[in-house]
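Listed below, chain by chain, are the residues.
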Amino acid sequence: MSDDIDDDEQSNLAAEYALGLLSEQEASAFEQLMAVDPSLRESYRVWIVHFTQLTDGIAPVAPPRGLERNIIDRLFGDETPDTTGIFGRLRFLRPMLTGLAAAAAVLLLINFSGIMDPRQSQPARLPLMFAELTADDQSFLVQAQFNPNTNALILSRDVGSPRPGRALEMWLIAADQAPVSLGVWPKGQKVATLIVPENLVAQFDGALLAVSDEPVGGSLTGAPSGDVLAIGPVNQT
């Protein structure tokens, strides 16, 4: 974690990330920080628990049928637009007001339950997963964070480096299945992000991650062909 981010700002960022308020670029940067900062991951976990518990005792309430349509009708009705008044001269405002009416409908829906439930307003976010890949002799250490919502596997190589003229390749080992390549670690980068294929996302929880020594460009056999440098289990926090 960089020294210029204090604890309050760290907590605020974790809360905004948990609520999905960060932009795509901000969320990506935050995830890279979480991959190397255990205290930031803990702050995110605390906020997730806090926000989920806020709505535990609230039963979902279905809005009345046609609520949004009724609000729009009350605002505009079916009358012919006045071409001489201000709304006639500024007819471009009508779409804007329609949008405001829709927003008002959303606010009414929120009031039905007393508090907005994030699980109803947006798709539920799946929990992050983490792994620490270590060598038996501690000569290699990789921290990994997997976000199943974005398929992003963020890697941080804390100890060890590729051998001269060789590459590092990441592998997923689920249950009793053969290792599946997740991609080659970009050359010269200690922190890297790999995008996991959609068909592998469900296999992450409880699986093993491994990093192996391979030829430049990756294994030619479809399986680890060099030394397995580090390995570790994937778990949710």
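Here, every reference points to the structure presented above.
Here's a quick rundown of the structure. Note that this is a predicted model, so its numbers are computed, not measured.

So, about a nonpolar patch on the surface. On the surface, Leu 208, Val 228 and Ile 231 cluster together into a nonpolar patch covering about 220 Å² of accessible area. With respect to the helices and strands, Leu 208 occurs in strand S7 (residues 208-215). By relative accessible area, Leu 208 is classed as partly exposed at 32%.

Within the secondary structure, Ala 144 sits in strand S2 (residues 141-147). With a relative accessible area of 4%, Ala 144 lands in the buried category. With near-sequence residues (within four places) excluded, Ala 144 lies in contact with Met 129, Phe 130, Ala 131, Leu 133, Leu 153, Ile 154, Leu 155 and Leu 209.

Right, let's talk about helix H3 (residues 38-54) for a bit. Taking 1.5 Å per residue as the helical rise, H3 with its 17 residues ought to reach 24 Å, and the 25 Å between its terminal C-alpha atoms agrees with that figure. Taken together, the buried positions of H3 are occupied by Leu 40, Arg 41, Ser 43, Tyr 44 and Phe 51. Along H3, the residues classed as buried sweep out an arc of 155 degrees about the axis, all on the same side. The exposed residues of H3 that point more than 90 degrees off its buried face are Pro 38 and Gln 53.

In this section: the packing of aromatic side chains. A complete count under the given rule lists three aromatic pairs for this structure. Look at Phe 146 and Phe 204: their rings are 4.0 Å apart centre to centre, the planes differ by 20 degrees, and that puts the pair in the stacked class. A residue pair is termed long-range when its members are at least 10 positions apart, and Phe 146 in strand S2 and Phe 204 in the loop between strand S6 (191-195) and S7 qualify at 58 residues. By relative accessible area, Phe 146 is classed as buried at 1%. The exposure class assigned to Phe 204 is buried, which follows from its relative accessible area of 0%. Through successive ring pairs, a cluster of aromatic residues spans Tyr 17, Phe 30 and Tyr 44. Lying over the aromatic face of Trp 185, Arg 157 brings its terminal NZ or CZ to 5.7 Å of the ring centre.

Rules of the game
Residues numbered from 1 in each chain as written. Predicted model: local features only at pLDDT ≥ 70, side-chain atom pairs only at ≥ 80, totals over all residues. Heavy atoms only, no water. Patch = residues over 30% accessible without salt bridge, like charges linked within 9 Å, V, L, I, M, F, W, Y side chains within 5 Å. Areas by Shrake-Rupley, 256 points an atom, 1.4 Å probe, with all protein chains shown as cover. Salt bridge = Lys/Arg side-chain N within 4 Å of Asp/Glu carboxyl O. Helix = DSSP H or I, 4+ residues; strand = E, 2+ residues; numbered from the N terminus. Buried < 20%, exposed > 50% of the residue type's maximum accessible area, 1.4 Å probe, protein only. Contact = heavy atoms within 4.5 Å. Expected span 1.5 Å × (residues − 1). Arc of directions from axis to C-beta. Phe/Tyr/Trp six-rings, centres within 6.5 Å; stacked < 30°, edge-to-face > 60°. Lys NZ or Arg CZ within 6 Å of the ring centre and 35° of its normal.

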